[in-house]
Every structure is written in structure tokens, then in C-alpha cells.
Amino acid sequence: MSAWDWEAGENYVKDMLQGLNLRMEDKCRRRPQRTGFLYDDRMTRHYCSWNPEYTEIPGRLLKSYERCQEYGLVERCHRVQARHASQEEMTLLHDEELVLKLKETASMTAEETKRLAKKYDYIYFHPDVYDNSRLALGSSIEMVDKILSRQVRNGMALVRPPGHHAMRSKFCGYCYLNNVATAAQFALDNYGLNRVLIVDWDVHHGQGTQYMFYDDPRVLYFSIHRHEHGVEWPNLDESEYTFVGDGAGQGYNVNVPLNVHGCGDSDYMAIILQVLLPVAFEFRPELILVSAGYDAALGCPEGEMQVTPAFFAHVVNLLSPLADGQLCLILEGGYCLQSLAEGVALSLAALLGDPCPQLAPLLAPCSSVRESILNCLKVLRCYWKSFCYQGSLAEDNIPEFPSLLQWPVTVNQDRSSRETFSLLEPCFDVKQEAVIAGYVQELERWIANLNRRKTNNRVCLGFHEKLLQHRSLKEVNHPECPERLTSIMSTLERWGLLHRCILPQERSVTEEELSLVHSSSHIRRMMKLSALDEEALMKYPGTFNSVFVCKDTYAAASQAVGTVLSVVDAVMKDEATSGVAVIRPPGHHACEGHPMGYCIFNNVAIAAKYAMSKFNVNRVLYVSLHRFDDGRFFPYGSDGNMGTVGEGSGKGFSVNIPWRLGRMGDSEYIAAFQQIILPIAYEFCPDLVLVSAGFDAAREDDLGGYKLSPQCFALMTNLLMGLANGRIVLALEGGYNQEMTSAGLCLCTSVLLGDTCPPLPEPQARPSPSAVETMTSVIGVQKQFWKTLCFCVDLPDEDRVRNIGGLNPNKDNAAEEGKTDGLSQDEELVCHTLSDMTVRNKGDAKGSCDDRAKSTYRQ
């Protein structure tokens, strides 16, 4: 990049950070960019001495750590030292009697530990269990403390024993002390947090965690788990979607029960996009804790699921824009050593900001999972305003799934009332060994084909002095002015971002490359501009729509294309993970044969054609969010309407989201990403993401008239980073409030560089009625092309749901019906949530996702 006068841009920066709630220069310095990692081999000491088939073994930790080392991840992390939990910490959520009982096991004989273990469900004791439980709990708290004290940005605690089944007064399911729940309580007590999100992706329901926060609105507990109508362990009614919390905590307990085995990436991603992300963004957590169990991963005998290890990295990426990046993964289950180790390593890589390995194109979720999601939405939408895309089911209409008008089955298989348990009870269904063996073979093929993209640089940033030469001869204060770029570049330097990017190899565009999109007559007309005098240049644009030219227009416009192509080259050649092109004139309005709307050549369209021809990018999906106002907003007409979906073989590969009425803001755009863009993008599975990065929808931009915050643009960028193995290129388009445009593009660059995504300035509001109508209409048009768009259906309204089973049932009735007999205090609290349970036929509880292709990984 040529040298230029940085001070020239300073006159236009002013105080662009006003209204951002924080100074971004300070933000870049105050948030550490290190990822914490905790591992201590002392936690490998305990094992089950009387059952050699027990799956909770020391190798779970050893293999996971080894894989992280093989990938070179550990050395890139800040090592956090393990420590023991204090007595006070152990009793934050557990009874002193339980802690004392655990301590006594260290000095028990083998026969004494066996007798004690028989009293608990899937529990063994070993002389080191007490010490390791203290280590696991103290280490989990330590990692959270390091994150909240801003010594590290995020982190992973590789600990055992796991914890999410442990209850206030009961050991359960390999768990003795509840690591995640206690860490959450520590954060609430010591840092004054008001909103903690716990995401439990372990294949088993973390009933212990659910019990501990069931009436606490400060903690949102979200769990995806295998349930099979209660036939799957832990065999609890409380694992159903109807258990949503109690008292002030109603709506803050979200269960997504899976009633079939064999669920894969498509099923889980549907749950993440349709349920978790909407409620998480509305909740606005200050800390995210993940009960990171990997027993839903392909090959695990206890889960019998087909989630690829890479999927967990994508969830980490999708959660990372929340909570100022304060995200902590704490190991729970996972009993296939290969898939566990791979899942742990790829999750840690995602915390470090590495590109997520590409998933196979997603399919529609299986029928059973879709049914579970809709049932969740049925009971949750009265608590969360973000669940607003389903209509009200008419009284005389019969839904696709009869369960939508019923309450879940009562299975009466509750194991918690048992007095004794077998010491040798199988940890998984041995009858499924042949199926699991097949999964393991698939896992081995998947690992062999895994492409972990590695680059030495995060961002390639393109800019050239020639881009400043294009200007309006008639309007000195024209909004599309050179100062747009000088403002951006000076801000990049002020924020310390510019020196962290590499510069592409300078190049100009060839006429052949311009011809990928534009006619030769248009190209030649632009070339001849340099020969015209000023009077002719001022008259020249008269036949075009919103265009100005000067002698240097062709030089600047061709340089803009060349800059974008040079950035694409750097990204596709893995010289950089992603790229940003700070260019003008903009391009996306330019047509094949003429300029239009400040645009001379269509920069991004040419880049797409170029990538297809040079790098074998085979398909192009075009998605546009834009102000439309029924065709009354520039560029006018019907081309931008939702019915324009492409032609011929390209039909369905144009997705227009045309906003109509009102001033759209952060809530509307984020909702469009969750409901439309991300589902389609993950189904399309791109090799490259090109963003026409216009910032004229930003607040205070008079041309756009919308109100997006600069932080929202960064957030949308962050959400796209999980696609295409991280290959994403932003090319500047519009944006005519220089302060907001500079702030927006610089925040996007910061996120691409791996910095934390700044929080949105305002809480998520329900999208406007007009926006909801637009999105549901777009889904109605596009669902014939994209099978992931399958959730805009009518559901029973709140009154009807109350009549089915009751959202706020009478607690006394539940007790009279014997729901709480023999239960502990925390279990009793959960059972008070629902009454009048309606029994329905559960069918084949051992079913699988057999109504669509099971395998969701690339062969």
C-alpha cells in the first residue's frame, strides 16, 4: 500500500465512538485475547476397580490432552493451574453431609465402597475420587475466575470426574460434585452477575444442574439430550420439554428431548438455530458455561448419535459473540476416545479462533427432532418474544404432529426411587454394539478426511491510493466521497488493527476479468472517460441513474476490482484466513452494460465469477437483506422482492429479504440471520463467503434510514465466520455516515482478527411485526428450495397450551397426585412444574432418524 497522509482522515473521524457504550480503542486493549486451558494428570488417578467395562476411564482425559497437543493447541493457550475446591466452595450447592460422605470414601475398604456405591445410580468409588472431585470442582471455578477477572478471554477446563448429574444431596451418573453448577453459583456470588447461560450439549440430561437453578431467573439452563420418551437414562419426566422452570424461573429452563437415536449435525444445528440462539440472544448472558459432553459424537456407545466432532466447534463459534466472549467449556461425558479427543481438540481450536472445519451440507432435521423443536416452541413462546415465527393453530385444524395438542407421555421408569443399584450394570446397550462398530468406522473415515485449515495470518486487508481519486465534479459534499476511505483507514490505524493485517500483492484488473460480468461496450465507455474534458464529464452521467464520473473514475473503479481480487487470491491461497477490501466506488448496483447507483463495476459479482474460474468454486448463492418498501426504495422496481429467486438451474439460489415498513435495526437483522440466512448457508455449504459490506443501514445514515449499530455488523460477521472453513471476504459497498461506517467496518475487521465481538448497545427487542411478516413470507417462498426452512407452522396458542397441560399448574395438585413422593428437595421443586399429564402412545422408543439420510458428514 502506498504511503499517504493519515492525518487527512482524522478530520472526519471526530468522535465516532459516541453511542457505542465504550471506547473501542480501550476495548481492544482491555479484553485479553488469550484462551485459558486447564489440564492436570492427577485427575486421571481414579477408575472403577470392579468393572473393567466401565466407560468413565482415565483415558478420556489422556487421549483428549494428547490430541490437543498433536494439533499444537496447548502451547498457544495460557495454562491455568488446577486447584482443589475449598469446603466453602464444595458446599455452595451441595449438602455438607454429602461432601463428608465423599471425603470418607478415601479411607474406606474396597467392600465398603462397593456397599456405598450400590446406593447410587451409576457410581463407583476409589481412594482418589474425593481428591479428584475437589480438583475438578476447584479447577472449574478457577477457570471461570480467570475469565471473569479478565486474565483470559475464554477457556476450557479438561476435568474429571464430570459433574452435571450430581445433585444437592445425591451422587449420580459418574458425577460427585456439580462442577458447572457450582462455577455458575460462584460467578453469581462473587462477580454480581445477573445472567448466566448454561449450555449442556452432553447426550444425557443434566438433571442435577436443572434442579439447582430451576426457580432462579439469573441462570438460563439449556439442554439437548437423548430422552426417547423417558426410556433413555436418566429416565426422568423432568427431562421433558414441558419442564420450563418454576416461580420466578419459569421460562429459564429449556429442555430439548431427542426421542430417537442416530441424530446428526443437521438435527443438532436445527436445535441450535431455532431454539438456542434466539433465546440466548434475547437473554444476553454475561457468562456462558458449557457442560461439554461429547457422548453425542459419532462412535460413542452411550449416545448412539452421529454428531461429527467438528459440529461442536461451530456451536462455539455461534456462541462466541455473546457475553463479551466470556465462554467456558467444562468437560462432562464422552466415552468413545477417538470422537471425544477430536471433539475436545476442535472445540479448543474454535476457542482460539481457528476456522471451523467445514460441515457437510445440512439436511432437513428428521421428523422426530422437528417434532421436539416445535413442541419446545409451543411451550416457550409465551416466555420469549423471539419465538414469533409460528402462527396460531385454528381450533378445527389438525397439526402435522398430534403431540402438539397433547402433553408428553409419563413413562414411570424413574430410577431415583430405587434403593439399590447393580455394580455391574452395563453403561450402554450392548445389543447395539454392531451399530456402534459401524459408527466407529465412519468416524475413522471422517477423521482421515478432516481438513483443518491453517494460515499464518488472520486478515488480508486491501486498499490503494487510486481509490481516492474518484470524485464528484458537481457536488463537493457528495456522500460517496474519498473521505469515506480515509476515515476508515485512519480508524483502523488508531485502533491498532492495521498493523495486524497483511497487505495483498498489488494488482490491477484485466479487461478479461471485467468481462466476466460486464459487456465490452460498458468497459470501453469507462476507459474513455480519462480523455474527456470536465464539461463533458459533468454531462456524461445524465443517462444513468445516480452516477458521477471524473477523469480518474476508470482508474479507481478498476483498482477497486483489482483490490478485491487480490484479497480473494490471498484467502483462497491460504495466505490469510479472511479478507477485507476497503474500496470505492462501490459495486453491487452496477449492471452488465451500464453503471448505476454510485457503482461503476460490480466488484463482488466479478470476484465471485473469478473465484469460480480460478479456484473451482462451483456454485454461487446470493442472499440480500435490503430496504425495499414495496419497490419504492432505490433501486426501485420488483427485482429485489422475495419472489425473485433465480432462473433455470439457478432457481432458488437468489434469496431476497426485502424489508417493508419501519426502521429496521439490530433485532430484525439478527433474527433474519437466525431464521433464514444461517439455515440456508449451512445447507448450501459454501466454499467462499463474499460480503457486499454496505453500512448504509447503520444508525444516523440518512441514505439508508435504518438503525443498525456498528456492533451488529461485527456480530453478523462473527456468525458467518463458521462457514467455508473461515474463507470470508468483506468488500466495502455503501455507508455514508463516515463515523458509523468507519466504526462498523473496523469492528468487523477486529472480529475477523479474532477479537471479541462487542456487546450490542441495547437488549434484543422482538422484531417489528412488519419484519416478522417479511421473514415468514420469505421462508414461505424459499422453503421449496431449502429443506432446513421447515419451522414456520401454526402452533396452539398460549390458552390452548394451558388447557392441554398447564404452564403454571397448581403445586398442591402435583403433590396430591404423588409426584413428589420420596424425592429430594431439588427434585421435588422440578416436579411441581406440571400437572394433568396426558399419556400418549410413545411408539418405538428405540427409533432412529430413519426418515432422511442418517449420515451428515462428507463421504
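Residues numbered from 1 in each chain as written. Predicted model: local features only at pLDDT ≥ 70, side-chain atom pairs only at ≥ 80, totals over all residues. Heavy atoms only, no water.

K.L.:
Help me out: how do you make sense of the pattern of salt bridges in this one?
P.N.:
Side chains that carry opposite charge are capable of pairing whenever their charged atoms lie near each other. Throughout the structure, instances matching the rule amount to 35 salt bridges. The shortest N-O distance in the salt bridge between Glu232 and Arg226 comes to 3.4 Å. As far as the burial class goes, Glu232 and Arg226 line up, both buried. Overlapping salt bridges, with partners in common, bring together Arg83, Glu89, Glu142 and Lys146 in one network. (Salt bridge = Lys/Arg side-chain N within 4 Å of Asp/Glu carboxyl O. Buried < 20%, exposed > 50% of the residue type's maximum accessible area, 1.4 Å probe, protein only.)

K.L.:
Just to check I follow, could you spell out the pairing of strand β6 (residues 253–258) for this structure?
P.N.:
Consecutive residues of a regular strand have side chains that alternate between opposite faces of the sheet. Most of β6 sits out of view: six of its six residues are buried. When strand β5 (residues 219–226) meets β6, the two strands line up parallel, connected through six bridges. By the bridge assignment, Arg226 is partnered in β6 with Leu258. (Helix = DSSP H or I, 4+ residues; strand = E, 2+ residues; numbered from the N terminus. Pairing = 2+ DSSP bridges.)

K.L.:
Would you take a moment to explain the side chain of Ser742 for this structure?
P.N.:
With respect to the helices and strands, the residue Ser742 is situated in helix α23 (residues 738–752). Ser742 gets classed as buried once you look at its relative accessible area, which sits at 0%. For Ser742, the side chain forms a polar contact with the main-chain nitrogen of Ile488, separated by 3.4 Å. (Polar contact = N/O pair within 3.5 Å; in protein donor to acceptor, adjacent residues only side chain to side chain.)

K.L.:
Explanation requested: the environment of Leu93 in the structure shown.
P.N.:
You can see Leu93 is positioned in the loop between α4 (87–90) and α5 (96–104). Residues Leu93 and Met212, spaced 119 residues apart in sequence, show a C-alpha to C-alpha distance of 7.4 Å. Ignoring anything within four residues of it in the chain, the contact list for Leu93 reads Arg168, Ala181, Thr182, Gln185, Met212 and Phe213. (Contact = heavy atoms within 4.5 Å.)

K.L.:
Before we go on, may I ask you to explain α5 in this structure?
P.N.:
At 3.6 residues per turn, the α-helix brings residues three or four places apart onto the same side. Among all positions in α5, only Leu98, Val99 and Leu102 are buried. Buried residues of α5, seen end-on, are gathered within an arc of 100° and therefore sit on one face of the element. Those residues of α5 that are exposed and angled more than 90 degrees off the buried face are Glu96 and Glu97. The inward-facing, buried residues of α5 abut α4 and α7 (129–148). (Arc of directions from axis to C-beta.)

K.L.:
What am I meant to see in the packing of helix α21 (residues 666–684) against helix α24 (residues 769–782) here?
P.N.:
Angle between the axes and distance between the axes: these two values describe a pair of packed helices. Relative orientation of the contacting elements α21 and α24 amounts to 20°, with a least axis distance of 11 Å. Taken together, the axes of α21 and α24 lie roughly parallel to each other. For the element pair α21 and α24, the recorded crossing hand is right-handed. Across the interface between the two elements, Glu668, Ala671, Ala672, Gln675 and Ile676 from α21 touch Ala771, Met775, Val778 and Ile779 from α24. Its residues assigned to classes, the contact of α21 with α24 comprises seven nonpolar, one polar and one charged. (Axes fitted to C-alpha atoms, helices over the stretch in contact; angles between N-to-C directions. Parallel < 35°, antiparallel > 145°, perpendicular 65-115°, else oblique. Left-handed = near helix turned anticlockwise from the far one by under 90°. Nonpolar A, V, L, I, M, F, W, Y, C, P; charged D, E, K, R; others polar.)

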